[in-house]
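Listed here are the chains, written in short residue letters.
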Amino acid sequence: MHPLDWVIIVVYLVYVLVDGVRRAKGTRELEGYFLANRSLPWWAVGLSVMATQLSAITLIGTTGQGATDGMRFVQFYFGLPLAMVILGVTLVPFLHGAKVFTAYEYLERRFDAKTRSLTSFLFLLARGMSCGTIIAAPAVVFSAIFGWDLVWSVALMGIPTVIYTMIGGVQAVTWVDVKQMVLIVFALVAVAVILLVELPVSPDDALAIAGATGRARVFDFSFDVNQTYTFWSGVIGGTFLMLSYFGTDQSQVQRYLTAKSVDEARSSLLMSAYWKIPLQALVLLVGVLVFVFYLFQAPPLLFNPADERAVRRAEPGALAALETRYGGVLAERRAAVEVVARARDGGDGPAVTVALDRFKARDADVETVRGEALALAERVTGEPSRDVNYVMPWFVLHHLPLGLVGIFIAAVLAAAMSSIAAELNSLATVTVIDFYRRWVRPEGSDGHYLLVSKAATGLWGVFACVVATFAATLGSLIEVVNRFGSFFYGSILGVFLLAMIRRARPVGAFVGLIAGMAAVAAVNFGAPSVSFLWHNVIGAVTVVGVGILLSAMQRPAS
Amino acid sequence: MIPDPTPPDLGSRRFRRTLLRVMAVQVATLLLLWLLQARYTG
């Protein structure tokens, strides 16, 4: 990479650090540190919500998914606008009006301390681990492409984020998020423009070629609960998932609790509703254009350089044979795609159809050889191939112009840092408000809690960096915790839904929560098997059902 | 705590207006995605 690109990255990291630390001025009290004195404008909160949700893996993994699988992943977000509108008229007024620090604090007022403690404990367990994976995912990619030790990649993202979050609190998180979101969108649009300029065919031809391989297919109306990305799983399962995430996850709830009023909080959520689907479509479209770009430029057999090095060391003969075959099928595919472009230019309908069929056959040949190479890499490394995460980094490093490489990598760092910062801030809030102040020291001074909050942020930051550093060896453990996390997302949503039902009682909420998690665990382990997007629906419905039943059975106190 | 300078009715009006815009943008986006699929998927 050119020194100028490194300079851009270093300048960006220093700027973020200085800007974040500068925000410490307004955080001399606990309410300022965790909730910015409930004074932030809706647009800043809205951009912060979006930045938190857009992680580094969205920029590098989702673009890769667009390149290999096409646009259909966008269906995953179809429920988001509806969820935001529902939250805007239900939970947001409840939580903002209750003047709480955490969503779980509200549950004690409505039900009891054990429901609050269980939900906040589950949040800490899942988010503590997921914070590590949020750092680990891009850090592993950086390590592979630059050949760095994983510790350095983790430190590059983790240290500045921990420092500015610890010192500046939620003010720093939000205002840095605003700038990071602008950088991310700029980088995405710039890459899309570069791709359109660099492609040797018109955008219309590019989309027709991508469409021939199924990559322009967006909607799948089949109703199959085992399929993850369908219109129905997106609209129904996605709505419940987004309700759970934005309505009950402290990393999101805390964003809109910082807004000046209920209406500002609602408007900040609606900003996500506005832009999420178009933005996600843009991310996937960039991936689709990268696929078309590599029809005219020879892509590597394996995008992951670490896998490529490992296979070359262990199986040089097998790799050389695959590379020879790959070169041949790539040349044939390129010839076929050029015939498609010429036929479309000539406006010859039947010739276009024949050319597209021929191109599809050649593309299938390329995929066969790539599939064999990926299987070989998996055999050599003993790990599942995540080659899809390396498509975009490879394109950025080898084909983007000087300066834009640095901007795109800074945008990936920005996406990672904004997600990590929100997680650390919310983990510290729950630790201090729901546990330390509730159970350990209820009568401390504001200054004491502020000090403990900063220490908690720092400790969670160190914990997340350690988890990220050992991500490779902790892989299966992290997966178990993440899977366990999916058990209770919908169930916690169910508890909040119960909170809005007047007749619901504490015992109904607590037992309902456990029943909801058990129901999700049952379907997760295959009785019956359903895709994860439906887990939240099952969890929430079970909690509400069991909760109402138990509440009705409980005699009112005389 | 800083008091909210926005009067409640003004805030609600803005929320309703934003809500309408959100729905319009979603319909337009889904329509565009549908056109993308209809035009380019054989």
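Residues numbered from 1 in each chain as written. Chains lettered and ligands numbered in written order. Predicted model: local features only at pLDDT ≥ 70, side-chain atom pairs only at ≥ 80, totals over all residues.

**Some words on the overall build of chain A**
Secondary structure assignment for chain A yields 22 helices and 0 strands. Its C-alpha atoms give chain A a radius of gyration of 25 Å, near enough to 24 Å, the size a compact globule of 558 residues would have. Counting only C-alpha atoms, chain A reaches 85 × 50 × 45 Å along its principal axes. Per-residue burial over chain A gives 56% buried out of 558 residues. Across chain A, the fraction of contacts at a sequence separation of at least 24, relative to all contacts at a separation of at least 6, is 84%. (Helix = DSSP H or I, 4+ residues; strand = E, 2+ residues; numbered from the N terminus. Rg over C-alpha atoms; globule rule 2.2 N^0.38 Å. Buried ≥ 20, exposed ≤ 12 C-beta atoms within 10 Å, placed from the backbone. Contact = placed C-beta atoms within 7 Å.)

**As for the overall build of chain B**
For chain B, the count of helices and strands is 1 helix and 0 strands. Put simply, chain B has 42 residues, and 17% of those count as buried.

**So, helix α5 (residues 80-89) of chain A**
Taken residue by residue, α5 of chain A has L80, P81, A83, M84, L87 and G88 of chain A as its buried positions. Seen along its axis, α5 of chain A keeps its buried residues to an arc of 160°; they face one direction. (Arc of directions from axis to C-beta.)

**Some points on the interface of chain A and chain B**
Listed per partner, the contact involves 28 residues of chain A and 21 residues of chain B. Of all the secondary-structure elements, those providing two or more residues to the side of chain A that touches chain B are α5, α10 (203-212) and α13 (262-296) of chain A. The element contributing the most residues to the side of chain A that touches chain B is α13 of chain A, with 9 residues. Per-class residue counts for the side of chain A that touches chain B are 16 nonpolar, 6 polar and 6 charged. (Nonpolar A, V, L, I, M, F, W, Y, C, P; charged D, E, K, R; others polar.)

**Re the nonpolar core**
All names here are of chain A. Membership of the largest hydrophobic core comes to 201 residues, with the highest contact counts inside it found for I135 and V290. Counting residues per element, this core draws most heavily on α13, which supplies 23 residues. Filtering out sequence-adjacent residues up to four positions away, I135 remains in contact with V154, M157, G158, A416, I420, A464, C465 and A468. (Core = buried A, V, L, I, M, F, W, Y, C linked by C-beta atoms within 7 Å.)

**Let's talk about the domain arrangement of chain A**
Residue and element names in this part refer to chain A. Here chain A is described as being made up of domain 1 (3-294 + 398-475) and domain 2 (306-385). The C-alpha centroid of domain 2 is placed 35 Å from the C-alpha centroid of domain 1. On the domain 2 side, the residues contacting the 7 residues of domain 1 number 9 residues. In terms of residue count, the dominant contributor to the side of domain 1 that touches domain 2 is α10 (4 residues). (Domains from an automatic or database assignment.)

**Overview of the environment of A336 of chain A**
All names here are of chain A. Looking at where A336 falls in the secondary structure, it is placed in helix α15 (residues 316-346). Assessed through the 21 C-beta atoms surrounding it within 10 Å, A336 is described here as buried. The sequence separation of A336 and L295 amounts to 41 residues, and the corresponding C-alpha distance is 9.7 Å. The contacts of A336, once residues within four sequence positions are left out, are R358, F359 and R362.

**Some thoughts on the confidence of the model for chain B**
Residue and element names in this part refer to chain B. Looking at chain B, pLDDT values average 76 and 71% of them are 70 or higher. Segment residues 1-5 is flagged for pLDDT under 50; beyond a separation of four residues in sequence, or across chains, it makes 7 contacts in the model. Both scores are available for the predicted complex, with the pTM at 0.87 and the ipTM at 0.79. (pLDDT = per-residue confidence, 0-100.)

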